[in-house]
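Reading the structure
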Amino acid sequence: MIKVENLTKYYGYNKAVSNLSFEVEKGEILGFLGPNGAGKTTTMKMLTCFMPPSSGRASIFGFDIQKDSMEVRRRIGYLPEKTPLYHDLKVKEYLELVARLKGVANTSIRSSIERSVESCGLEQVAGKIIGTLSKGYQQRVGIAQAVINDPELLILDEPTLGLDPRQIIDIRHLINNLGRERTVILSSHILPEVSQVCHRVIIINKGILVAVDSPENLRERLKKSSIIRVKVRASGDPGRISEIISSLEGVLMTKIQHADEETVSLIVESVPVKEMRDTIASVLVKNNIGLLEIYGEELSLEDIFIKLVTKEPA
Amino acid sequence: MISKFRAIYLRELKYYFHSITAYVTICIFMIICGYFFFSIFRYYNFISLEIIQSSDLSANINLIDGVMRPMFSNISIIILLILPMITMRLISEEKKQGTFELLLTFPVSDTAIIAGKFFASLTILAIMLSLTLIFPIMLMIFSDPEMLPVLSGYLGLLLMGASFLSIGTFFSSLTSNQLVAGVSTFGVSLFFLVIGWAAPLTGSTISTILAESSILVHFESFSKGIIDLKDISYYLLLSLFFLFLTLKSLESSRWRA
Ligand SMILES: Nc1ncnc2c1ncn2[C@@H]1O[C@H](COP(=O)(O)OP(=O)(O)OP(=O)(O)O)[C@@H](O)[C@H]1O
Ligand SMILES: [Mg+2]
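Let us look at the structure shown here. (Residues numbered from 1 in each chain as written. Chains lettered and ligands numbered in written order. Predicted model: local features only at pLDDT ≥ 70, side-chain atom pairs only at ≥ 80, totals over all residues. Heavy atoms only, no water.)

**What about the coordination of the magnesium ion (ligand 2)?**
Working reference: metal with six octahedral donors, ideal angles 90 or 180 degrees; metal with four tetrahedral donors, ideal angle 109.5 degrees. Residues and elements named next belong to chain A. We apply this condition: Here a donor is an N, O or S atom found within 2.8 Å of the metal, or within 3.2 Å if the metal is Na, K or Ca; sites may look incomplete because water is not among the atoms. Strands here mean DSSP runs of E at least two residues long; helices mean DSSP runs of H or I at least four residues long; both are numbered from the N terminus. Think of it in three bands: residues with accessible area under 20% of the maximum for their type are buried, residues over 50% are exposed, and the middle band is partly exposed, with areas taken using a 1.4 Å probe on protein chains only.
Distances from the magnesium ion (ligand 2) to its protein donors, T41 (OG1) and E81 (OE), fall within 1.8 to 2.3 Å. Highlighted residues: T41 in helix α1 (residues 40-47) and E81 in the loop between β6 (76-79) and α3 (91-101), separated in sequence by 40 residues. On the basis of relative accessible area, T41 is assigned to the buried category, the value being 17%. Given the relative accessible area of 27%, E81 is considered partly exposed.

**Points about unusual backbone geometry**
Residues and elements named next belong to chain A. Phi is positive for N6, close to 50 degrees, though the residue is something other than glycine. Here N6 shows up in strand β1 (residues 2-11). Residue classification places N6 among the partly exposed residues on the basis of a relative accessible area of 41%. If you check the backbone angles, K206 has positive phi at about 50 degrees while not being a glycine.

**Quick look at the interface of chain A and chain B**
Rules: The contact criterion used is simple: two residues touch if any of their non-hydrogen atoms lie within 4.5 Å. Accessible area, probed at 1.4 Å, shrinks when two parts are joined; the buried area is that loss added up over both. Whenever Lys or Arg places a side-chain nitrogen within 4 Å of a carboxyl oxygen from Asp or Glu, that contact is recorded as a salt bridge. N or O atoms within 3.5 Å of each other form a polar contact, as long as, within protein, one can give a hydrogen and the other can take it, and as long as residues adjacent in sequence are counted only when both atoms are side-chain atoms. Polar here means any residue other than Ala, Val, Leu, Ile, Met, Phe, Trp, Tyr, Cys and Pro, which are nonpolar, and Asp, Glu, Lys and Arg, which are charged; Gly is therefore polar.
Across the boundary between the two partners, chain A contributes 28 residues, which contact 24 residues of chain B. Broken down residue by residue, the surface that chain A buries against chain B is led by F50, Y86 and L101 of chain A, which jointly contribute 29%. Where chain A meets chain B, there are one salt bridge. Among the ionic pairs, D88 of chain A bridges to R11 of chain B, the shortest N-O distance being 3.0 Å. Between the two partners, chain A and chain B, sit six residue pairs in polar contact (both at pLDDT 80 or more). Secondary structure elements with two or more residues in the side of chain A that touches chain B: β1, α2 (69-75) and α3 of chain A. Here the side of chain A that touches chain B is built from residues that sort into 17 nonpolar, three polar and eight charged.

**Considerations on the packing of helix α3 (residues 63-87) of chain B against helix α9 (residues 178-194) of chain B**
All names here are of chain B. Our working rule: With axes taken as lines fitted to C-alpha atoms, and helix axes fitted only over the stretch in contact, angles between N-to-C directions fall between 0 and 180 degrees. These descriptions rest on fixed angle ranges, namely under 35 degrees for roughly parallel, over 145 for roughly antiparallel, 65 to 115 for roughly perpendicular, and the rest for oblique. Here is the rule for handedness: rotate from the far helix to the near one, and if that takes an anticlockwise turn smaller than a right angle the crossing is left-handed, while a clockwise turn gives right-handed.
Between α3 and α9, whose axes approach to 8 Å, the crossing angle comes to 150 degrees. Here α3 lies roughly antiparallel to α9, going by the angle between them. Crossing of α3 against α9: the hand is right-handed. Contacts from I77, L80, L81, P84 and T87 of α3 reach α9 at G182, T185, F186, S189, L190 and L193. Residue composition of the contact of α3 with α9, grouped by class: seven nonpolar, four polar and no charged.

If you want it as structure tokens, here you go:
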């Protein structure tokens, strides 16, 4: 379990992270979301004991990041933002070096290398020089070094940055697999990724925590209104259809988007708490209007993100 | 602790020998040393012939004073020039590429990191110096010079080199710019080398201090075959001092990073 309390970091007078507090449960995959300069990397650098916080504290599996830094470091795997690797070494040589530096016992070094090569899909390039690998494979090597000591906690800073869509999908699968038996904290700009991979999301902006919740709950919480799209068979005046729907309780507004001889499409805005689709459907049927399509439009995580970090007049 | 030190030490050595750095450096070093050795040796032959012809029996020159001592002072200048090029990348390069950040999150103490890197560079120096043993060996084939001054001279060179290397390790930890690290190392090493020259110009107390802090002054006795604890401690303290500064610089780079 990871516990962060009032973590704060100043760079000179610039406050990069401000009183951040959150907890992570064992086995959870936590997403760290925020625009550029939000303080994601800074927070991760403190959690990985690269630099001490200016104030506040954090403990990882009961070990304080400042007092028991060595114990913490032994239990984590970290992939920094720019995937720093020794480009002159072969993949296996590099993993062996990291295994030794992370204190993997001599007798289990071979098996640790094999396990992490296999779990990161590096079998084909294990004998190659890292500098000659593609960006996607280098990223896998970066993840392989993070998992070589079989850490309980993985901290991955933008693991899919700079990869092509195919590689992104591969790395996402890899993270999902690795997250089965571990706690993972990852940061990302790619929002759909966070909702696919993570159990919980923390959104920060300018070093301040904006929201913590599951992707689903965030979506619920942020719906200020729900949008329902309706398509019906044209029967007489389109305005009459609009009036029928508008008269329902809970509907805020109805707009005709498109109308021709055959069909009429409408956008219905309703209060978020109520499920309006079946009421709309039944009132249309009662009035003998042929219903062709009806669906609720979900707010994408992208919209939530933008809504949360851009302060709009509530 | 030891196994992590070993891992870093071996990684650094491997780097030098994987890239052509080590070979080029050692090669150039040997070529320059060879050139100096043969010109010093020719000059020595010339002088000895003169002495024999003039049959001036009071003149007393030997291979140690005539060849090895000039050789030692030349080698000390060559390593002053070459060692900064070996140490400048030690930490700077990792800082630049970001691998240092990752290294600092591994369960490895700062001391093990610095020691691993420093001793790797010291090993390169030891290899370079041991290759130059060919010159005294050549002298031994043709004549029989005293062995003690040769051995103590080499010990002195190794200690002197270690202080250059520790200065280099320190400057490499300050910056991610290798050139800046190299030039600063050279400057500070040169300063410690020439600081004794100012001694005769000043009052007696300052003069002693200046002379005692000079890298060259402490080398004198080694090249004469005298191994003095005072000189050994000087070099060890100087090296430890800069390695300690490196440790502090790593600690503060965590705060500033
Ligand atoms: N070494 C540093 N020295 C001074 N300021 C820094 C340093 N590193 C980061 N900052 C500042 O701290 C703030 C947070 O940066 P951080 O790198 O943590 O953001 P981030 O969320 O990781 O951004 P990104 O998505 O661009 O990676 C920024 O304003 C940045 O300019
Ligand atoms: Mg970042």
